[in-house]
Amino acid sequence: GAVVSQHPSRVICKSGTSVKIECRSLDFQATTMFWYRQFPKKSLMLMATSNEGSKATYEQGVEKDKFLINHASLTLSTLTVTSAHPEDSSFYICSARSGSDYEQYFGPGTRLTVT
Amino acid sequence: GQSLEQPSEVTAVEGAIVQINCTYQTSGFYGLSWYQQHDGGAPTFLSYNALDGLEETGRFSSFLSRSDSYGYLLLQELQMKDSASYFCAVSPGGGNKLTFGTGTQLKVEL
């Protein structure tokens, strides 16, 4: 089956620093990748849609200058949380979609803690 | 706006059958998906309904009624490992991005 990896799985950073999270599709080419944020015991909230070779499309209320997304290849998308603050602490999950496949394949998530 | 409502918690005993409902209001509709997520883990795909009716995949079945904007996930022969959160999700347009429901935490007891 399709496998999506994320790195790192956990990261702790100090307030004001930036953190980069990588999302890779390991055995398929992902034309589209998605970035979600999830708070404890809550639903997944879509942050942005990342298409290879083009600018990401951000959901309403998500600051594009704070959450930088780059989708440089068909197997890699990165999310950079810039000038992180404690309120950015959350579980960030990526997913990838291959062509017309309706199923999304999720990464294992990255737990970010900002101190 | 988009909204997908689910019961927050459901408890059932091992071996039983449980139904998790999902009602949705979205600006568009291309299909209803169901995902399972264990604590701290990645959501995994369970089923997808684009048309009305029942889809069966092993112990799990999913139903959709587009006229009622309603669907459900049916889990049979419950096992302890089925304890997890279950999310319905709608593709509001073009089968591309997903809008997730509020989630249902299922607890399976002995």
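Note: the structure precedes this text.
Residues numbered from 1 in each chain as written. Chains lettered and ligands numbered in written order. Predicted model: local features only at pLDDT ≥ 70, side-chain atom pairs only at ≥ 80, totals over all residues. Heavy atoms only, no water.

**Student:** Quick one: what's the story with the packing of aromatic side chains, residue by residue and with numbers?
**Tutor:** Applying the stated criterion to the full structure yields 13 aromatic pairs over all chains. Between Y35 of chain B and F45 of chain B the ring centres are 5.7 Å apart and the planes differ by 75 degrees, which places this aromatic pair in the edge-to-face class. Of this pair, Y35 of chain B sits in strand β4 (residues 32-37) while F45 of chain B sits in strand β5 (residues 44-49), and the two are 10 residues apart along the sequence. Looking at Y35 of chain B, the relative accessible area reads 0%, which means it is buried. The ring of F67 of chain A carries the charged tip of K66 of chain A above its face, separated from the ring centre by 6.0 Å. (Phe/Tyr/Trp six-rings, centres within 6.5 Å; stacked < 30°, edge-to-face > 60°. Helix = DSSP H or I, 4+ residues; strand = E, 2+ residues; numbered from the N terminus. Buried < 20%, exposed > 50% of the residue type's maximum accessible area, 1.4 Å probe, protein only. Lys NZ or Arg CZ within 6 Å of the ring centre and 35° of its normal.)

**Student:** Go over the interface of chain B and chain A, please, and point to the residues and values.
**Tutor:** The interface of chain B with chain A comprises 19 residues on the first partner and 20 residues on the second. The contact between chain B and chain A buries some 1,600 Å² in all, and 53% of this surface belongs to carbon and sulfur atoms. Inspection of the region where chain B meets chain A yields one salt bridge. For E59 of chain A, the salt bridge is made with K97 of chain B, and the minimal N-O distance between the two is 2.9 Å. Of all the secondary-structure elements, those providing two or more residues to the side of chain B that touches chain A are β4 and β5 of chain B. Residue composition of the side of chain B that touches chain A, grouped by class: eight nonpolar, nine polar and two charged. (Contact = heavy atoms within 4.5 Å. Buried area = accessible area lost by both parts, 1.4 Å probe. Salt bridge = Lys/Arg side-chain N within 4 Å of Asp/Glu carboxyl O. Nonpolar A, V, L, I, M, F, W, Y, C, P; charged D, E, K, R; others polar.)

Function-wise, these values are silent; they only describe arrangement.
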